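One-letter residues, chain by chain:
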Amino acid sequence: MIKLYNSASNQIEEFKPLEEGKVSMYVCGPTVYNHAHIGNARPIIVFDTLRRLFEAQGYQVKYVSNFTDVDDKIINAAINEGVDETVIANRYIDAYNEVRDKLHTVKLSATPRVTETMDEIIAFIQLLVDKGYAYQAKNGDVYFSVGSVKEYGDLSKQKLDDLMVGARIEENQDKKNPLDFALWKKTTKGIQWDSPWGKGRPGWHTECVVMIDKEFNSQTIDIHGGGKDLKFPHHENEEAQNIAASGKPLAKTWMHNEMLSFDGAKMSKSLGNVQWAKDVIERLGANVVRWFMLSISYRSILNFNEETLAAAQKELIKIETPLKQAHVKAAMQNQELGNEINSDLWNRFINAMNDDLNTPNAYTVIFDGVKMLNQQLRVREINFREVGTLVNTLEKMLGILGIFFDSIEVNEQDRENYEKWNEAKAVKDFETADIYRQALMERGLI
Ligand code: AMP
Ligand code: ZN
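Residues numbered from 1 in each chain as written. Chains lettered and ligands numbered in written order. Predicted model: local features only at pLDDT ≥ 70, side-chain atom pairs only at ≥ 80, totals over all residues. Heavy atoms only, no water.

Enquirer: Which residues make up the environment of I281, and what values do they have?
Expert: Within the secondary structure layout, I281 lies in helix α8 (residues 277–284). With a relative accessible area of 7%, I281 lands in the buried category. A sequence separation of 49 residues divides I281 from A330, and the C-alpha atoms of the two residues are 31 Å apart. (Helix = DSSP H or I, 4+ residues; strand = E, 2+ residues; numbered from the N terminus. Buried < 20%, exposed > 50% of the residue type's maximum accessible area, 1.4 Å probe, protein only.)

Put into structure tokens, the structure is as follows:
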């Protein structure tokens with residue numbers, strides 16, 4: 001049984017798919033005006049891990065995430081560089097995809113873009129206008145009327161009245177209610193489309209609702225995710241539109257990852273502390289980044305600094321070393337590692353992960369397995385069946401976390417060196433032993 005924290009109910013709930021054996025999930029993607037920063041990597045890793053966990057238990061997962069390729073920030077970047085918006089968007093879409101690939105994520109089922117969904121977005125806004133949930137204001141913009149949906153505020157557990165107190169300051173004379181949000185923005189600047197409301201472009205909150213309907217052919221999906229910063233207003237606004245259009249909730253389960261923090265500070269260019277995901281991956285490797293990101297619950301704030309990174313790096317070495325040793329010893333001695341699994345370890349791991357992705361508890365199980373493997377490797381006559389079972393189990397668990405170590409290639413020369421090294425050691429000829437040890441070390445085998 002998989003249990004997930006539903007941030008719509010604020011409770012842990014048993015996951016029951018809409019369709020037996022299938023999972024539909026959608027995670028709000030980035031606005032592509034710049035590179036992904038390391039904070040953006042957290043939802044990438046968390047939701048990829050969730051997907052892998054479902055797949056390991058036989059579910060067929062359809063995972064969609066959008067690219068917001070129409071936005072003021074993209075338009076401004078295009079003006080600054082004197083290029084088309086598409087040049088900016090394509091550049092950072094490619095960069096984002098590269099980050100995903102480098103982070104070992106399973107390929108997404110679809111990555112829809114706003115520019116490719118425009119007809120559907122316009123038709124959807126028209127539907128909301130026709131149903132009386134949206135209106136065109138004097139300034140030409142089309143707004144969603146939050147007061148027309150009685151459930152507004154339910155997702156983020158806020159009362160409309162309380163929200164309005166905060167919203168008054170930035171009251172816009174053209175809106176009926178200061179909380180009303182733009183579905184369509186009339187514009188004369190930047191990329192624009194024809195619409196029943198004149199030339200313009202859509203607001204941000206509509207695309208995901210339309211893309212979900214289009215990609216899943218359903219108004220409700222199993223899981224809708226994103227970072228916690230998106231819960232309000234973005235997800236509240238998505239939910240309101242979906243209820244208005246179809247009378248249905250957008251998702252059965254809403255999941256929000258907590259933020260990655262930078263010693264309490266906000267990452268910003270002006271502070272000079274921006275950490276691009278690509279640079280961190282380049283420096284530490286995807287395995288360390290994933291191990292670090294999953295080291296605490298996705299619902300806790302994770303602090304990004306040199307100490308926490310170094311701790312993750314050290315832990316992973318403790319795991320990689322005996323695994324590598326096992327592979328090398330088996331290869332040197334022409335032994336197979338088989339395909340058996342330690343079901344006790346595996347079940348404990350899956351139970352931890354099924355408990356709302358309790359990765360800290362899952363890590364404990366991995367370390368238990370590592371300890372057992374170290375013990376097995378320490379004996380004189382290695383039992384390769386036992387070693388193989390532990391190796392397979394550890395690698396299977398790490399695979400759910402998206403952590404994969406390079407495989408080890410051993411050739412005839414290596415085997416010969418290994419034998420000679422052991423022979424020399426046996427007769428205490430340390431000088432000769434050192435020569436072979438050196439050769440094996442140079443090949444990265446010991
Ligand atoms: P954005 O392009 O800002 O919409 O971000 C893309 C995704 O990254 C969204 O799911 C955000 O919620 C998420 N995100 C942005 N900043 C952080 C952060 N510091 N920690 C965790 N997730 C973040
Ligand atoms: Zn969204």
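Moving on, there is more to tell.
Enquirer: Would you mind going over the sheet that holds strand β3 (residues 22–27) in detail, with residue names and values included?
Expert: Strand order in the open sheet formed by 4 strands is β4-β3-β9-β10, and the pairing between neighbours is parallel. Strands with a single pairing partner mark the edges of an open sheet, and in this sheet they are β4 (60–65) and β10 (251–257). Here the strands of the sheet are splayed against their neighbours by 20° on average, with no regard to which way each runs. Relative to strand β9 (residues 221–227), β3 runs parallel, the two sharing 3 bridges. (Pairing = 2+ DSSP bridges. Axes fitted to C-alpha atoms, helices over the stretch in contact; angles between N-to-C directions.)

Enquirer: Give a detailed account of the side chain of N6, specifying residues and quantitative values.
Expert: If you trace the backbone, N6 turns up in strand β1 (residues 3–6). Accessibility expressed as a relative area gives 4% for N6, which makes it buried. Of the polar contacts made by the side chain of N6, one reaches the backbone oxygen of K252; its length is 2.9 Å. N6 has contacts with Q11, E13, K252, T253 and W254, leaving out every residue within four places of it along the chain. (Polar contact = N/O pair within 3.5 Å; in protein donor to acceptor, adjacent residues only side chain to side chain. Contact = heavy atoms within 4.5 Å.)

Enquirer: Describe the nonpolar core, with residues and values.
Expert: Formed by 85 residues in total, the largest nonpolar core has its most connected members in I38, F54, W291, F349 and I366. There are two domains that each give this core at least three residues, and those are domain 1 (3–257) and domain 2 (289–400). What F349 contacts, discounting residues up to four positions off in sequence, is A362, V365, I366, M397, I400 and L401. V114, I122, Y152 and L179 belong to the second-largest nonpolar core, a separate cluster that totals 44 residues. (Core = buried A, V, L, I, M, F, W, Y, C linked by side-chain atoms within 4.5 Å. Domains from an automatic or database assignment.)

Enquirer: Can you break down α8 residue by residue, with the values?
Expert: Buried within α8 are the following residues: A277, V280, I281 and L284. The buried residues of α8 all sit within an arc of 100° when viewed along its axis, so they share a single face. Buried residues belonging to α8 abut α3 (85–102), α9 (286–293) and α10 (306–332). Taken from the residues just after α8, G285 is the one with a positive phi, measuring 90°. (Arc of directions from axis to C-beta.)

Enquirer: Report on the packing of helix α11 (residues 343–354) against helix α13 (residues 384–400), specifying residues and quantitative values.
Expert: Think of two packed helices as two axes; the pair is described by the angle between the axes and how far apart they sit. Where α11 meets α13, the axes come as close as 10 Å, and the angle between the chain directions of the two elements is 15°. It follows that α11 is roughly parallel to α13 by the angle criterion. The chirality of how α11 crosses α13 is right-handed. Contacts from L345, W346, F349, I350 and M353 of α11 reach α13 at L390, T393, K396, M397 and I400. Of the residues belonging to the contact of α11 with α13, the class tally is 8 nonpolar, 1 polar and 1 charged. (Parallel < 35°, antiparallel > 145°, perpendicular 65-115°, else oblique. Left-handed = near helix turned anticlockwise from the far one by under 90°. Nonpolar A, V, L, I, M, F, W, Y, C, P; charged D, E, K, R; others polar.)

Enquirer: Can you explain unusual backbone geometry? Please cite residues and give values.
Expert: Geometrically, the link from F232 to P233 is a cis peptide bond, its omega value of 0° lying close to zero. Examined against the element boundaries, P233 turns out to sit in helix α7 (residues 231–246). Phi is positive for N10, close to 60°, though the residue is something other than glycine. Tracing the sequence through the fold places N10 in the loop between β1 and β2 (11–14). On the accessibility criterion, N10 (35% relative accessible area) is partly exposed. Positive phi is not limited to glycine here, since H104 has a value of about 65°.

Enquirer: Report on the site of ligand 1, specifying residues and quantitative values.
Expert: Inspection of the region around ligand 1 gives 17 residues, with G39, N40, G227, D229 and L260 positioned closest. Between ligand 1 and the protein, one listed contact pairs an oxygen atom with a side-chain N or O atom of D229 at 2.5 Å. When ligand 1 sits alone it has 480 Å² of accessible area, and the protein chains cover 85% of it. Listing elements by their share of the shell around ligand 1, those giving two or more residues are α1 (41–56) and β9. (Near = heavy atom within 4 Å. Areas by Shrake-Rupley, 256 points an atom, 1.4 Å probe, with all protein chains shown as cover.)

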